[in-house]
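Examination of the molecular architecture
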Amino acid sequence: MTITTISSRGFNQDIGRAKRIAAKSGPVFVTNRGKTTHVLLSIEDYQRISAQGRSLVEALAMSGLAEIDFEPPKLNIEIRPADLS
C-alpha cells in the first residue's frame, strides 16, 4: 500500500486525481501548511479498518477461540473508610 501526500491546494485543484490515487494505491494524506490534516480513503479501505457490522459478540464467537488459554487476574476490592480530614 502506497501513501501519497498532497497539499490542500493540490487536492482542491484536482480532486478527481486524489480519488483515483486513493482507489488504486491507498490513502491520500492532505496537508495544510505542511501539517497532515485529512486522509482520503476508498470506501473499501475505510470499511476494512473500521470493521463496520461486527459486534463484540460476533468477535467473541469466532471459531478457534476455545483453544486460547485466558485467565484474567482476580480483582481484589477493598472497602476503606473515607478520609474526610
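In this report, we go over the structure that sits alongside the text. (Residues numbered from 1 in each chain as written. Predicted model: local features only at pLDDT ≥ 70, side-chain atom pairs only at ≥ 80, totals over all residues. Heavy atoms only, no water.)

Below, the discussion takes up the overall build of the protein. Summing up its helical and strand segments, the protein has four helices and three strands in all. Mapped in sequence order, the helices and strands of the protein form the string β-α-α-β-β-α-α. Buried positions account for 14% of the 85 residues belonging to the protein. If you take every contact in the protein between residues at least 6 apart in sequence, the share linking residues at least 24 apart comes to 29%. Summed over its atoms, the accessible surface of the protein is roughly 7800 Å², and 55% of this surface lies on carbon and sulfur atoms. (Helix = DSSP H or I, 4+ residues; strand = E, 2+ residues; numbered from the N terminus. Buried < 20%, exposed > 50% of the residue type's maximum accessible area, 1.4 Å probe, protein only. Contact = heavy atoms within 4.5 Å. Areas by Shrake-Rupley, 256 points an atom, 1.4 Å probe, with all protein chains shown as cover.)

This part covers the pairing of strand β1 (residues 4–7). Of the two faces of β1, the one lined by Thr 4 and Ile 6 is fully buried and the one lined by Thr 5 and Ser 7 carries no buried residue. For β1 and strand β2 (residues 28–32), the ladder comprises four bridges, and the chain directions are parallel. Within β2, the residue paired with Ser 7 across the bridge is Thr 31. (Pairing = 2+ DSSP bridges.)

It is worth spelling out a nonpolar patch on the surface at this point. Residues Ile 43, Tyr 46 and Ile 49 make up a contiguous nonpolar surface patch of about 310 Å² in total accessible area. Locating Tyr 46 in the fold gives a position in helix α3 (residues 43–50). Among the residues examined, Tyr 46 registers a relative accessible area of 38% and is labelled partly exposed. (Patch = residues over 30% accessible without salt bridge, like charges linked within 9 Å, V, L, I, M, F, W, Y side chains within 5 Å. Salt bridge = Lys/Arg side-chain N within 4 Å of Asp/Glu carboxyl O.)

Bringing the nonpolar core into the picture now. Ile 6, Ala 18, Ile 21, Ala 22, Val 28 and Val 30 together form the largest nonpolar core, which totals six residues. Those elements that place two or more of their residues in this core are α2 (15–24) and β2. Per-element accounting of this core gives the leading share, three residues, to α2. When residues no more than four places from it in sequence are discounted, the contact partners of Val 28 are Thr 4, Ile 6, Ala 18, Ile 21, Ala 22, His 38, Val 39 and Leu 40. (Core = buried A, V, L, I, M, F, W, Y, C linked by side-chain atoms within 4.5 Å.)

Moving on, we get to the environment of Gly 10. Note that Gly 10 resides in helix α1 (residues 8–13). According to the relative accessible area criterion, Gly 10 is partly exposed, its value standing at 27%. Sequence separation between Gly 10 and Val 30 is 20 residues; the distance between their C-alpha atoms is 8.7 Å.

What follows covers the sheet that holds β1. In sheet architecture, strand pairing relies on hydrogen bonds along the backbone and comes in two forms, parallel and antiparallel. Taken in spatial order, the three strands make up an open sheet running β1-β2-β3, and their pairing is mixed. In this open sheet, the two edge strands, each paired with only one partner strand, are β1 and β3 (35–40). In this sheet, adjacent strand axes meet at a mean angle of 35° when their direction is disregarded. Examined bridge by bridge, β2 and β3 share five bridges and lie antiparallel to one another. Residue pairing across strands places Asn 32 opposite Lys 35, the latter belonging to β3. (Axes fitted to C-alpha atoms, helices over the stretch in contact; angles between N-to-C directions.)

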